[in-house]
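What follows is each chain in one-letter form.
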Amino acid sequence: MSSDDLETIEIVEADIIDSTVEVGSGCIWRGSGKEPQWDNPKSTKVYDHIIRHHGSKLKSSNLQGRSASKNQDQGQWLNEQDWVIAEKLIPKYYGQYIIKFKRPIGRVYHPDGIITENVYCVQIGRNADGTIKYAYPIVKR
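Residues numbered from 1 in each chain as written. Predicted model: local features only at pLDDT ≥ 70, side-chain atom pairs only at ≥ 80, totals over all residues. Heavy atoms only, no water.

## Looking at the side chain of lysine 92
Relative to the assigned elements, lysine 92 resides in the loop between helix 4 (80-89) and strand 3 (94-101). Overall, lysine 92 belongs to the buried group, its relative accessible area being 17%. If near-sequence neighbours (up to four positions away) are discounted, lysine 92 is found in contact with Val21, Glu22, Val23, Gly24, Ser25, Cys27, Glu87 and Arg126. (Helix = DSSP H or I, 4+ residues; strand = E, 2+ residues; numbered from the N terminus. Buried < 20%, exposed > 50% of the residue type's maximum accessible area, 1.4 Å probe, protein only. Contact = heavy atoms within 4.5 Å.)

## Quick notes on the pairing of strand 2 (residues 74-77)
Within a regular strand, the side chains alternate between the two sheet faces. Side chains Gln74 and Gln76 of strand 2 all project onto a buried face; the interleaved residues Gly75 and Trp77 project onto the opposite face, where all are buried too. Judged from the 4 bridges that link them, strand 2 and strand 4 (residues 106-109) form a sheet pairing that is antiparallel. Note that in strand 4 the partner of glutamine 74 across the bridge is tyrosine 109. (Pairing = 2+ DSSP bridges.)

Here's what the structure looks like:
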């Protein structure tokens, strides 16, 4: 990762659940089994929720349908490398965060059928073992 990547996000909100143990990429693996492939955006051990529900390869009709049926906004990443960057740059603690990239990273599908393009913010949750519980683009007002 280049030093430029470090300048591409800011932490907008942080809710650290446990600041006593560092977890995530670059830290001692504290989860079960073999350590995940943090740099691989296709690693389901780290990024399963993103791949299945918010990934760049999902069809817009899937996200529009999910948004309407859940009556909730659904974010979609534009580039799978961005969720790897996000994991590296959020705090290395079990918790929930909102981060802002300095460039567009996704779109958001709203229940009313409107799509907001070129969103910069992501809501992301880190599990106690450092893997990603969820991460999706949001419209930050």
